[in-house]
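Residue-level listing of the chains:
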Amino acid sequence: APRVRCRAYYSYHVRLQPEWRVVRKDGVITALAPPLTPSLPVAIDTATIEKAVAGTWVLIPFRGDKDLEVLERTITAKLARKASSDEYKQRAIEESRKTVSEFIRNWAVQAGHKDVREVHVFFEGEPVRSI
């Protein structure tokens, strides 16, 4: 069966516009942030595109099979589905939590809250067990 593969880079973002639920008590800030959302389209490295027919990988340029052309046209949609899946979001959530925690800590310090010891961030839609 024909296959197309390439290196993909998944990015996620958190919208700043919606109201966030934030509690600050005794130097601890706990925030419920909007959901982690994939930044689409997923970035791909076109220099790494490889195509295969009957199990043989060939670096582009490749001339031939229409099935490969169809596969190429579906890469963006397939990667978007992966990026939106719980599995892929879970892979990004801890790094995202660190980044958002740092953002909140910096914001709190700039707002004059110098007593911030800890920042806990949860994203809407996370399973309750993570809270």
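Right above here is the structure, for reference.
Residues numbered from 1 in each chain as written. Predicted model: local features only at pLDDT ≥ 70, side-chain atom pairs only at ≥ 80, totals over all residues. Heavy atoms only, no water.

**Student:** With reference to specific residues and values, describe the layout of surface pockets.
**Tutor:** A volume near 310 Å³ is recorded for the largest pocket. The wall of the largest pocket is formed by 13 residues, among which V4, R5, I75, L79 and K82 lie closest to the centre. Breaking the lining of the largest pocket down by element, the ones donating at least two residues are β1 (3-9) and α1 (66-84). Ranked by residues supplied to the lining of the largest pocket, first place goes to α1 with six residues. Looking at the lining of the largest pocket residue by residue, the classes come out as eight nonpolar, one polar and four charged. (1 Å grid on protein atoms, 1.4 Å probe; cavity = no way out; pocket = protein on both sides within 12 Å on 5 of 7 lines; lining within 4 Å. Points joined across faces, edges and corners; volume = space filled by probe spheres on them. Helix = DSSP H or I, 4+ residues; strand = E, 2+ residues; numbered from the N terminus. Nonpolar A, V, L, I, M, F, W, Y, C, P; charged D, E, K, R; others polar.)

**Student:** Tell me about the side chain of S101, and name the residues and values.
**Tutor:** If you trace the backbone, S101 turns up in helix α2 (residues 86-110). Given the relative accessible area of 14%, S101 is considered buried. (Buried < 20%, exposed > 50% of the residue type's maximum accessible area, 1.4 Å probe, protein only.)

**Student:** I'd like to hear about the environment of T48, residue by residue, with values.
**Tutor:** Looking at the element boundaries, T48 is found in strand β6 (residues 43-53). Given the relative accessible area of 19%, T48 is considered buried. T48 sits 40 residues away from A8 along the chain, and the two C-alpha atoms are 9.3 Å apart. Those residues in contact with T48 that lie beyond four places of it in its chain are R5, C6 and R7. (Contact = heavy atoms within 4.5 Å.)

**Student:** I'd love a proper account of the packing of aromatic side chains, names of residues and values included.
**Tutor:** Applying the stated criterion across every chain yields a total of one aromatic pair. Each ring, one from Y10 and one from Y88, has its centre 4.9 Å from the other, and the planes form 55°; the classification is tilted. Taken as a pair, Y10 in the loop between β1 and β2 (12-13) and Y88 in helix α2 lie far apart in primary sequence, 78 residues in all. In this arrangement the basic side chain of R91 is found over the ring face of Y88, its NZ or CZ atom lying 4.3 Å from the centre. (Phe/Tyr/Trp six-rings, centres within 6.5 Å; stacked < 30°, edge-to-face > 60°. Lys NZ or Arg CZ within 6 Å of the ring centre and 35° of its normal.)

**Student:** So what's going on with α2? Which residues, and what values?
**Tutor:** For α2, spanning 25 residues, the distance from its first C-alpha to its last is 34 Å, which sits close to the expected 36 Å at 1.5 Å a residue. At I93, α2 shows its largest kink, close to 40°. Those residues of α2 not exposed but buried are Y88, A92, I93, S96, R97, V100, S101, I104 and A108. After α2 finishes, the residue G112 shows a positive phi value of roughly 100°. (Expected span 1.5 Å × (residues − 1). Bend = angle between axes of the 7 residues up to and from the residue.)

**Student:** Describe the nonpolar core, and please don't skip the residues or the numbers.
**Tutor:** If you look at the biggest cluster of nonpolar residues, it comprises 24 residues, and the most contacted ones within it are V14, L36, V100, I104, V121 and F123. Elements with a minimum of two residues in this core: β4 (28-33), α1, α2 and β8 (118-123). Sorting elements by how many residues they give to this core places α2 first, with six residues. In contact with F123, not counting residues within four places along its chain, are V14, L32, A33, P34, P35, L36, I93, S96, R97 and V100. (Core = buried A, V, L, I, M, F, W, Y, C linked by side-chain atoms within 4.5 Å.)

**Student:** Describe the sheet that holds β8, naming the residues involved and giving the relevant values.
**Tutor:** Strand order in the open sheet made by the three strands is β3-β4-β8, with mixed pairing throughout. Across the chains shown, the open sheet's two edge strands, defined by having one partner strand only, are β3 (21-25) and β8. Going across the sheet, the axis of each strand differs from the next one's by a mean of 10°, ignoring polarity. Looking at chain direction, β3 and β4 are connected through five bridges and run antiparallel. Within the sheet, the bridge partner assigned to R21 lies in β4 and is L32. (Pairing = 2+ DSSP bridges. Axes fitted to C-alpha atoms, helices over the stretch in contact; angles between N-to-C directions.)

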